[in-house]
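Descriptive structure summary
The lines below spell out each chain.
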Amino acid sequence: MFKLMRLKLTYLKSLDGVRCFAIIIVLLFHCFYGTLKGGWLGVDLFFVLSGYLITSLLEIEIANTKKLSFKKFYIRRLLRLLPPLLVCILLANILWSYTNPGNPNRYLASLAAFFYFANLTPDVLGSLSHLWSLSVEEHFYFIWPALIFYLISKLKFSHRIYFILLLIVLVSALRLFLFNYDGVISYGIFRIDTYRFTFTRIDCMLIGAVLAYCQLNGVSFFNNSKLNYKALLLLVMMLFTVLLFTLDKDSRLFNNGGFLFTNLLCGLFVLAAINLPEYGLLTNKVARWVGMRSYGIYIYHPPIFFFFERFRENHSVANLLLITLIRIAVTLLLVEASYRFIEMPVLKLKSRFK
């Protein structure tokens, strides 16, 4: 959403296009029951974007004020994230008996979603299972500001990059170790797996942080040619298209190092978007409308999708298409209402905590 230029923030419409692309991938993955095997790539894109934006905002505040208000930072995060999350939890509880065969523990699921430990209790979440990714992001937000303020911002630019690259190596090594050790470590209701555990999934956010520091320090790629960035963006989108139909996140190839390639791919996508702030493919009205509401779409769609599953008819393509259209329409109606009457009014309060 923002671009670092001489310690100033400039709105980047193209990043709304990235969000649009990411959420469409997620929706298609859920609409067609995993036919798009690589639909999880949408979450990785969101992670890279989060790392880029949060690092940018934190470093700019530190550079301009020589300090960092942790209180205001976390209040701004809560104002952005909490209202739709509360609506999502309420919606899931209202629809719980219709959406959760086997009746998983709604109270524990709601607590895990609200207090951001959903990534550690995936077996009890039911229609709130998608909120594991918010837990990972919130854990990153909890650790990263202090690490930046007390350590990273005091290093030279090259040392910052080396330090973050070292963190990426350590996270990747832990991910490889856990996968080959057992894949899953369980303690009662808690479960650590390589796909959802915070310290095996923040690699994408760290890649976003590297992009932020490079932009802050004026590091250029591809000679800053718009033509080169357009070529990069189209190439990455073509690779994404191939991976969507071929890459299974549970495969040994992916978990034994393939994730490094997809992380890099997501980083290149965001890099291209940052350097193409007015590119029509990413900044048209539809892309921006969807991108600006992508958080709400991600939050609200699973309970709605689960609810309409009861109307599905097996082996009927016509029924699948009809139910898919209804699911998406209902989701977008709820998202628009939430955006206008809940999110935007609450976000106006952020100006008090700049």
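Coordinates for the structure precede this section.
Residues numbered from 1 in each chain as written. Predicted model: local features only at pLDDT ≥ 70, side-chain atom pairs only at ≥ 80, totals over all residues. Heavy atoms only, no water.

With that settled, consider the packing of helix 1 (residues 13-31) against helix 14 (residues 294-308). Between helix 1 and helix 14, whose axes approach to 10 Å, the crossing angle comes to 10°. It follows that helix 1 is roughly parallel to helix 14 by the angle criterion. Contacts from Arg-19, Ile-23, Val-26, Leu-27, His-30 and Cys-31 in helix 1 reach Ser-294, Ile-297, Tyr-298, His-301 and Phe-305 in helix 14. Here the residues of the contact of helix 1 with helix 14 are counted per class, giving seven nonpolar, three polar and one charged. (Axes fitted to C-alpha atoms, helices over the stretch in contact; angles between N-to-C directions. Helix = DSSP H or I, 4+ residues; strand = E, 2+ residues; numbered from the N terminus. Parallel < 35°, antiparallel > 145°, perpendicular 65-115°, else oblique. Contact = heavy atoms within 4.5 Å. Nonpolar A, V, L, I, M, F, W, Y, C, P; charged D, E, K, R; others polar.)

Let us now look at helix 10 (residues 226-246). Along its 21 residues, helix 10 runs 30 Å from first to last C-alpha, staying within 8% of the 30 Å computed at 1.5 Å per residue. Of the positions making up helix 10, those classed as buried are Tyr-229, Leu-232, Leu-233, Val-236, Met-237, Phe-240, Leu-243 and Leu-244. The arc enclosing the buried residues of helix 10, seen along the axis, measures out at 135°, which places them on a common side. In helix 10, those exposed residues whose orientation departs by more than 90 degrees from the buried face are Leu-227, Met-238 and Thr-246. Turning to helix 10, the residues buried within the fold contact helix 1, helix 2 (41-65), helix 11 (252-274) and helix 12 (280-283). (Expected span 1.5 Å × (residues − 1). Buried < 20%, exposed > 50% of the residue type's maximum accessible area, 1.4 Å probe, protein only. Arc of directions from axis to C-beta.)

Turning to the packing of helix 14 against helix 15 (residues 317-347), a few remarks are in order. In a pair of packed helices, the angle between the axes and the distance between the axes together describe the arrangement. Packing of helix 14 against helix 15 leaves a shortest axis separation of 9 Å and a crossing angle of 140°. By the criterion of interaxial angle, the relationship of helix 14 to helix 15 is oblique. The two elements helix 14 and helix 15 meet at a crossing, and its hand is right-handed. Along its contact with helix 14, which presents Tyr-295, Gly-296, Ile-297, Tyr-300, His-301, Ile-304, Phe-305 and Phe-308, the element helix 15 presents Ile-323, Ile-326, Arg-327, Ile-328, Val-330, Thr-331, Leu-332, Leu-334, Val-335, Ser-338 and Glu-343. (Left-handed = near helix turned anticlockwise from the far one by under 90°.)

With that settled, the discussion passes to the layout of surface pockets. Of the voids in this model, the second largest pocket is the one considered here, and its volume is about 640 Å³. Around the second largest pocket, the lining comprises 28 residues; the ones closest to its centre are Phe-29, His-30, Ser-129, His-130 and Phe-306. Secondary structure elements with two or more residues in the lining of the second largest pocket: helix 1, helix 4 (96-99) and helix 14. Sort the elements by how many residues they give to the lining of the second largest pocket and helix 14 lands first, with five residues. (1 Å grid on protein atoms, 1.4 Å probe; cavity = no way out; pocket = protein on both sides within 12 Å on 5 of 7 lines; lining within 4 Å. Points joined across faces, edges and corners; volume = space filled by probe spheres on them.)

With that settled, consider the pairing of strand 4 (residues 190-193). Here strand 4 shows one buried face, formed by Arg-191 and Asp-193, and one open face, formed by Phe-190 and Ile-192. The hairpin turn running from strand 3 (residues 184-187) into strand 4, its antiparallel successor, is two residues long, and Gly-188 in that turn takes a positive phi close to 65°. (Pairing = 2+ DSSP bridges.)

Here Arg-191 lies in strand 4. A polar contact of 3.1 Å, which involves the side chain of Arg-191, links it to the side chain of Asp-123. Not counting residues up to four positions away in its chain, the partners in contact with Arg-191 are Asn-119, Leu-120, Pro-122, Asp-123, Val-184, Ile-185, Ser-186 and Arg-196. (Polar contact = N/O pair within 3.5 Å; in protein donor to acceptor, adjacent residues only side chain to side chain.)

In terms of nonpolar packing, the biggest core is built from 97 residues, with Leu-15, Leu-45, Leu-131, Trp-144, Phe-240 and Phe-269 touching the most fellow members. Sort the elements by how many residues they give to this core and helix 2 lands first, with 12 residues. Membership of the second largest hydrophobic core comes to six residues, among which are Leu-95, Ile-304, Phe-307 and Phe-308. (Core = buried A, V, L, I, M, F, W, Y, C linked by side-chain atoms within 4.5 Å.)

Within the structure shown, the criterion is met by zero disulfides. In this model Cys-266 remains outside any disulfide bridge; the closest cysteine sulfur is found in Cys-204, 5.4 Å from its own. Its relative accessible area of 0% is what places Cys-266 among the buried residues. (Disulfide = S-S within 2.5 Å.)

Moving on, we come to unusual backbone geometry. Trans peptide bonds make up most of the peptide bonds, and negative phi angles are found at most residues other than glycine. Not every positive phi belongs to a glycine, and Lys-66 is a case in point at roughly 65°. Relative to the helices and strands, Lys-66 is located in the loop between helix 2 and helix 3 (70-94). Judged by its relative accessible area of 67%, Lys-66 falls in the exposed class. If you check the backbone angles, Tyr-116 has positive phi at about 60° while not being a glycine. Along the chain, Tyr-116 falls in the loop between helix 5 (106-114) and helix 6 (132-150). Look at Tyr-116 and you get buried, because its relative accessible area is 11%.

It is worth spelling out a nonpolar patch on the surface at this point. Together, Leu-86, Leu-111, Phe-114 and Phe-115 make up an exposed nonpolar region whose accessible area comes to about 370 Å². Inspection of the secondary structure assignment puts Phe-115 in the loop between helix 5 and helix 6. (Patch = residues over 30% accessible without salt bridge, like charges linked within 9 Å, V, L, I, M, F, W, Y side chains within 5 Å. Areas by Shrake-Rupley, 256 points an atom, 1.4 Å probe, with all protein chains shown as cover. Salt bridge = Lys/Arg side-chain N within 4 Å of Asp/Glu carboxyl O.)

Such coordinate-based values are descriptive only and should not be taken to indicate function.
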